[in-house]
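If you want the building blocks of each chain, they are given just below.
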Amino acid sequence: MTNNQVFEQSIQIRASATVVERCIIEEKLMHRWLNPALRCEAVGDWNTDLGSQFRFKILIPIFQPQLDTVVVEREPGLIVWGFDGFFQGRDRWECQPQGQDTLLLNRFEFHIPNPIVAFGFHRVAASWTRQDMQAQLRRLKRVAEETYLGLGSS
């Protein structure tokens, strides 16, 4: 990829890495923290093994752009979705255990091949995307901590 953009965020979570990973890979838990304007659907059965495919849809009126993704890296505590569409790149989620807590790193690395889409993204959506990533991490933290304490429905 040329001219990559990288948005990187992290958050400290008072939950085990196993619970944090569950929040990232289990459908019911994911949809509790994912932006409500974004929908993640499995292509076939829900599975986050290497090669599994997903479709992320942006739920806006009239035009609902979607991004097809595939799990390109997978190991305990790590999942990386690769995508190739109006965005090309990777979305990396890594759980780093720190005692009883977990440091969650999210790295969104992408390139927008269409110059018109790139212009629009940088003029309108780039700052919103960064803010949304931070908000998602805060929601994920809440879901993981509630799940860890047995307060969340899972």
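Residues numbered from 1 in each chain as written. Predicted model: local features only at pLDDT ≥ 70, side-chain atom pairs only at ≥ 80, totals over all residues. Heavy atoms only, no water.

S.K.: Quick rundown of the nonpolar core? Include the residues and the values.
M.R.: By size, the foremost hydrophobic cluster in this structure holds 26 residues, and its most contacted members are Val-20, Ile-24, Trp-93, Leu-104 and Leu-140. Looking at this core, the elements with two or more residues in it are β1 (5–13), α1 (17–25), α2 (27–33), β3 (53–58), β5 (78–84), β6 (88–98) and α3 (115–148). When residues in this core are grouped by element, the largest group, six residues, is from α1. Other than its neighbours up to four places away in sequence, Ile-24 contacts Met-30, Trp-33, Ile-79, Trp-81, Trp-93, Cys-95, Leu-104 and Leu-140. In terms of nonpolar packing, the next biggest core, distinct from the first, is built from 11 residues, Phe-83, Phe-87, Phe-110 and Met-133 among them. (Core = buried A, V, L, I, M, F, W, Y, C linked by side-chain atoms within 4.5 Å. Buried < 20%, exposed > 50% of the residue type's maximum accessible area, 1.4 Å probe, protein only. Helix = DSSP H or I, 4+ residues; strand = E, 2+ residues; numbered from the N terminus. Contact = heavy atoms within 4.5 Å.)

S.K.: Summarise the pairing of β3; cite the residues concerned and give the values.
M.R.: With five bridges joining them, strand β2 (residues 38–42) and β3 adopt antiparallel strand pairing. Of the residues in β3, the one forming a bridge with Glu-41 is Arg-55. Pairing between β3 and strand β4 (residues 66–75): five bridges, direction antiparallel. By the bridge assignment for β4, Lys-57 is matched with Gln-66. (Pairing = 2+ DSSP bridges.)

S.K.: So, the layout of surface pockets: which residues are in play, and what are the values?
M.R.: Considered as a void within the structure, the largest pocket measures approximately 890 Å³ in volume. If you go around the largest pocket, you meet 31 residues; those closest to its centre are Leu-38, Ile-58, Phe-87, Trp-128 and Thr-129. At the level of secondary structure, the elements contributing two or more residues to the lining of the largest pocket comprise α2, β3, β4, β5, β6, β7 (101–111) and α3. The element that contributes the greatest number of residues to the lining of the largest pocket is α3, accounting for 10 residues. Of the residues assigned to the lining of the largest pocket, the class counts are 23 nonpolar, six polar and two charged. (1 Å grid on protein atoms, 1.4 Å probe; cavity = no way out; pocket = protein on both sides within 12 Å on 5 of 7 lines; lining within 4 Å. Points joined across faces, edges and corners; volume = space filled by probe spheres on them. Nonpolar A, V, L, I, M, F, W, Y, C, P; charged D, E, K, R; others polar.)

S.K.: Which residues make up the packing of α1 against α3, and what values do they have?
M.R.: Where α1 contacts α3, the axes come no closer than 9 Å and their chain directions differ by 125°. In terms of their interaxial angle, α1 and α3 are classed as oblique. Judged by the twist between their axes, the crossing of α1 over α3 is right-handed. Listed contacts from α3 to Val-19, Val-20, Arg-22, Cys-23 and Ile-24 of α1 are Leu-140, Val-143, Ala-144, Thr-147 and Tyr-148. Within the contact of α1 with α3, the residues separate by chemical class into eight nonpolar, one polar and one charged. (Axes fitted to C-alpha atoms, helices over the stretch in contact; angles between N-to-C directions. Parallel < 35°, antiparallel > 145°, perpendicular 65-115°, else oblique. Left-handed = near helix turned anticlockwise from the far one by under 90°.)

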